[in-house]
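Architecture and fold: a report
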Amino acid sequence: MSHRIFNFAAGPSAMPLPVLEEAAREMTNWKGRGLSILEMSHRSKDFVGIYRETVDMLKELYGISDDYEVMFLQGGGHLQFAMVPLNFIASGTANYAVNGVWSKKAFLEAQKLGKAQIAAQTENRAPTDDELNLSPDASYFYYCSNETVNGIRYPAIPTVGVKLISDMSSDFLSQSVPVDRFALIFAGAQKNFGPAGLTVVIARKELLGRTSDKTPTMLDYETYAKSESMYNTPPTFAIYMSNLVCHWLLKEGGIAEMQKRSIAKSSLLYKTIDESDGFYTNCVQKDCRSRMNVVFNLKNEALNEIFLDGAKSRNIGNIKGHRIVGGMRASIYNAVSMEAVEALADYMKKFAEDHA
Ligand SMILES: *Cc1c(COP(=O)(O)O)cnc(C)c1O
């Protein structure tokens, strides 16, 4: 496996190598059953076992109580942008904090389904509680805990008097979260949990099942809650891979350990940026800098391509910024090792010296 790159992809993104190796070992013959997971019925005892174990491990990792339903859906974060308002905008109004690409998209989608209102709009940081302009009749308040494209995280969970809903796609399983403060959390798996094609939804049970009769079956959370996410055929292979990721996380020390590592990894990169004498810049307010997606620009943008080529020659891949914002972005999810981050930091220092 010596030819594997240091992969800083934003999503789909790096997976833990032991997980990939185990999946490869089990690919053609899962646990001696004579068939692959890919060939197995989702209703089989073996697969239902994998499914339930994955739910249990997620509950263990986050400390999720039985008041919550853990569901596995498809359609990515984007479908959640529609399902959240469709299921919860009962009063007709909801408040959205907009501080990056993903919360903006969620807000625009919700506007189609009800009276979505912007509670706060900020550029290079998360809004503070004081800034939130909340409607008294809002059904919920929505925010994105980590803006993947813009590299912005909420330093604290907003305190609001209404149901709290958050898109945690890109910081899922990277830090401890008091789940009981939330009505609903969702996360596309392909950032920090598993392969693309799987979306996790964690929702307070008592809030489900209040949709109108006109809600399409597959867009009603209740459908998934009632059927162990198996009303239709779930993305079995993606669930299996995420199962292996959960095992890996537990073995590595769980969320507390991931949080520690992500602080160490992101700190090293921000330190490299801040000590570069302006060669590299990051414009996010310091206490809101993402620990998952470190965005930065080269002061001299004419060097961008040379920087990317040099990275490639050092086995460093996928650090080009999102097409909307340009520049660079290093996504340092749980599966990205400190060794990879050190390789990037060393390269950044060397490149800055060579081109000063
Ligand atoms: C990637 C991402 C999305 C979109 O996910 P899809 O699976 O492509 O729909 C939504 N929100 C956040 C925070 C993301 O990082």
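This report concerns the structure included in the present document. (Residues numbered from 1 in each chain as written. Predicted model: local features only at pLDDT ≥ 70, side-chain atom pairs only at ≥ 80, totals over all residues. Heavy atoms only, no water.)

1. What to know about the sheet that holds strand 9 (residues 184-188)
Read from one edge of the open sheet, seven strands run 2-10-9-8-5-3-4, paired in mixed fashion. The two strands at the open ends of the sheet, each matched to only one other strand, are strand 2 (68-73) and strand 4 (115-121). Geometrically, the sheet is characterised by an average inter-axis angle of 20° between neighbouring strands, direction not taken into account. By the bridge criterion, six bridges tie strand 3 (residues 93-98) to strand 4 in an arrangement that is parallel. Bridge pairing links Tyr 96 to Ile 118 in strand 4. Its contacts with the sheet place helix 2 (residues 45-62) against strand 2 and strand 10 (199-204), and it is angled at close to 130° to strand 2. Of the strands in this sheet, strand 2, strand 3, strand 5 (140-144), strand 8 (163-167), strand 9 and strand 10 are in contact with helix 3 (residues 76-88), which crosses strand 9 at around 160°. (Pairing = 2+ DSSP bridges. Helix = DSSP H or I, 4+ residues; strand = E, 2+ residues; numbered from the N terminus. Axes fitted to C-alpha atoms, helices over the stretch in contact; angles between N-to-C directions. Contact = heavy atoms within 4.5 Å.)

2. Section: helix 9 (residues 304-313)
Because an α-helix packs 3.6 residues into every turn, residues spaced three or four apart end up facing the same way. Those residues of helix 9 lying buried are Asn 304, Phe 307, Leu 308, Gly 310 and Ala 311. Across the axial projection of helix 9, the buried residues extend over an arc of 165°, all falling on one side. Opposite the packed face of helix 9, turned more than 90 degrees from it, sit the exposed residues Asp 309, Lys 312 and Ser 313. Structurally, helix 9 contributes buried residues whose contacts are with strand 11 (280-281), strand 12 (293-298), strand 13 (316-317), strand 14 (328-331) and helix 10 (338-354). Backbone geometry just after helix 9 places Asn 315 at a positive phi near 75°. (Buried < 20%, exposed > 50% of the residue type's maximum accessible area, 1.4 Å probe, protein only. Arc of directions from axis to C-beta.)

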